[in-house]
Amino acid sequence: MTETILTPEAPSATKPGTGPDIIPGSNTRKVFVKTYGCQMNVYDSERMGDALSRDGYETVDSVEAADLVLINTCHIREKAAEKVYSQLGRLAKLKRQRNAEGGDLMVAVAGCVAQAEGREIIRRAPVVDVVIGPQTYHRLPEALARARNGEQIVETDFPAEDKFDGLPNAPEKAIRARGVAAFLTVQEGCDKFCTFCVVPYTRGAEVSRPVGRIIEEAVRLADAGVREITLLGQNVNAWHGKAEDGREWGLGELIRRLATIDGIDRIRYTTSHPRDMDEALIEAHRDLPELMPYLHLPVQSGSDRILKAMNRRHTAEDYLRLVERIRAARPDIALSGDFIVGFPGETDADFEDTMALIREVNYAAAFSFKYSIRPGTPGADMEDQVDEAVKSDRLTRLQDLLAEQTRAFGRECVGKVVDLLLEKPGRNTGQLIGRSPWLQPVIIDAMAGEIGDIVRVRITQPGTGSLFAEVVE
Ligand code: 5AD
Ligand code: SF4
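These notes cover the structure that comes with them. Because the structure is predicted, anything quoted here is derived from the model rather than measured. Sequence order as written defines residue numbering, which begins from 1 separately in each chain. As a convention, the first chain written is A and the first ligand written is 1, with the rest following in written order. Given that this is a predicted model, residues contribute local features only at a pLDDT of at least 70 and side-chain atom pairs are listed and counted only at 80 or more, while totals for whole chains, interfaces and linings are drawn from all residues. Derived side-chain values reflect all non-hydrogen atoms in the structure, with water molecules and hydrogen atoms excluded from consideration.

A few points about the overall build of the chain
Then, number 1: Helix and strand assignments come from DSSP, with helices taken as H or I runs of at least 4 residues and strands as E runs of at least 2, each series counted from the N terminus. Looking only at helices and strands, the chain features 15 helices and 21 strands.
Then, number 2: The globule rule puts the C-alpha radius of gyration for 473 residues at 23 Å, and the 22 Å found for the chain is close to it.
Then, number 3: Taken along the three principal axes of its C-alpha coordinates, the chain extends 65 × 60 × 50 Å.
Then, number 4: The buried share of the chain, reckoned over its 473 residues, is 57%.
Then, number 5: Contacts are assigned to residue pairs with any non-hydrogen atoms lying within 4.5 Å of each other. Residue pairs in contact within the chain that sit at least 24 positions apart in sequence constitute 72% of those at least 6 positions apart.
Then, number 6: Residue burial considers only the protein chains on display, and all accessible areas are found by Shrake-Rupley using a 1.4 Å probe. Put simply, the chain shows about 19900 Å² of open surface, and 49% of that area lies on carbon and sulfur atoms. We compute the radius of gyration from the C-alpha atoms alone; for a globule the expected value is 2.2 Å times N to the 0.38, where N is the number of residues. Residue exposure (1.4 Å probe, protein chains only): buried if accessible area is under 20% of the type maximum, exposed if over 50%, otherwise partly exposed.

Concerning helix α15 (residues 388–413)
Then, number 1: Take the residue count of a helix, subtract one, and multiply by 1.5 Å to get its expected span. With 26 residues, α15 extends 37 Å from end C-alpha to end C-alpha; this agrees with the ideal 38 Å at 1.5 Å per step.
Then, number 2: Those residues of α15 that fall on the buried side of the exposure criterion are K391, R394, L395, L398, L401, L402, Q405, F409, G410 and C413.
Then, number 3: Of the surrounding secondary structure, the elements contacted by the buried residues of α15 are β15 (334–341), α14 (348–361), β16 (365–370), β20 (454–462) and β21 (467–471).
Then, number 4: Looking at the residues trailing α15, positive phi occurs at G415, about 95°.

Quick notes on the sheet that holds strand β4 (residues 106–110)
Then, number 1: Only strands that DSSP links by at least two bridges are regarded as paired with each other. Spatially, 6 strands are ordered β2-β1-β3-β4-β5-β6 in an open sheet, and the strand pairing comes out parallel. Strands at the two margins of the open sheet, each flanked by one partner only, are β2 (57–59) and β6 (153–155). Taking each pair of neighbouring strands and ignoring which way they run, the sheet shows an average axis angle of 20°.
Then, number 2: For helices, the axis comes from a line fit to the C-alpha atoms of the stretch in contact; other axes are also lines fit to C-alpha atoms, and the angle between any two N-to-C directions lies between 0 and 180 degrees. Strands in contact with helix α1 (residues 39–54) are β1 (29–35), β2, β3 (68–73) and β4; relative to β3, the strand with the most contacts, it is inclined by about 155°.
Then, number 3: Helix α2 (residues 78–100) rests against β1, β3 and β4 of the sheet, and its axis sits at about 170° to β3.

Rendered as structure tokens:
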């Protein structure tokens, strides 16, 4: 990801939709999908679920009910990969139990850990039947068929063919089941090679999906009731493609076109690299009411020395000037970012530069991490690795500051009148949850609308992690 891809530790268990033509009964195979990591993994899991449903699989929501467990993994930080191995340990136990009872359990590992570790996964966890990297998901049904004949399969090529062309379109029923806000991957991979990051190795080189495919998919989503799409890419604002008019488009032009699709009322995108924020994209923020005023724009550090060592290829000043230009175009835009503390060589003074940048930008939301060594990346071999205790201390200070900014942003929203897209029931009966333009969850009285409605509300009070609002006429 270029970064995060939005929410680095996005909600986990995802349930790919079940297909329309499942034959009920004991012959139906059952799959449980567990998704770690970013939104792109959530999207990929959905698409793999679509492919499996065409193969006769029904999605279940527990490991116990499944014949196949598919784990879609994240490799961005060390802890994420370790979680996978401990889960595989538990699955090995379950498989032994099943075998003792004359049954079976298949296990497939997908995602960035699969790509990075390959056959090593089967060596460490022989319970695994299939290891499949992000660029070969279209080969999953065939890999599973071969695995059922007793082979252990490792698919980690970067094939010439486009995986999305080989994966079936989501059936309308599955899209509806996933709700009124959907993800749409437009770009994958990264050529930037930040020195801390595994993404260029696990997701491969930067590839943009063709304009026509993206428009088709957006129209299909809209026809199935989707009102908000989030365009995904590790480097989403590096997306480019040859368009209907024969010209080369960037993300700004693409968003302008998508905004004309009937039914698509809200557009977001993530994750962006500061170097790829071009004028056309900034103008899209200025001109398009459909483009939500929220931008995830990771900077990682506020120290020029560290930015250089990270190979970010811009300075803190470049970033601040860019933020100024974006805010001039769209004054109400909310910014979020990613930060890494304790990158090799980071001194107290470097860290203070990051704190100063955060104070200057004033973020509405943010994700922050201790630097985690990723084997095979240049950062792993750098001298001056920072002590864990120092990293923890810096992370606490940085997160305190960011949390205060997020709370202040919530308080400033009170009294504002905004449009909410109602997405799901609230935790308490009688409530609905919608998203504000700034991506905050907002709770309203359930009598005030239905899921899928966009309603105008006044924010009345901040809550913990969400806001409360009442409908205005
Ligand atoms: N250590 C800590 N954080 C990392 N990120 C990426 N690689 C690492 C790493 N090795 C963070 C960056 C990125 C987000 C997705 O995860 O902040 O933007
Ligand atoms: Fe993002 Fe840099 Fe990683 Fe690319 S290498 S995904 S730009 S953090």
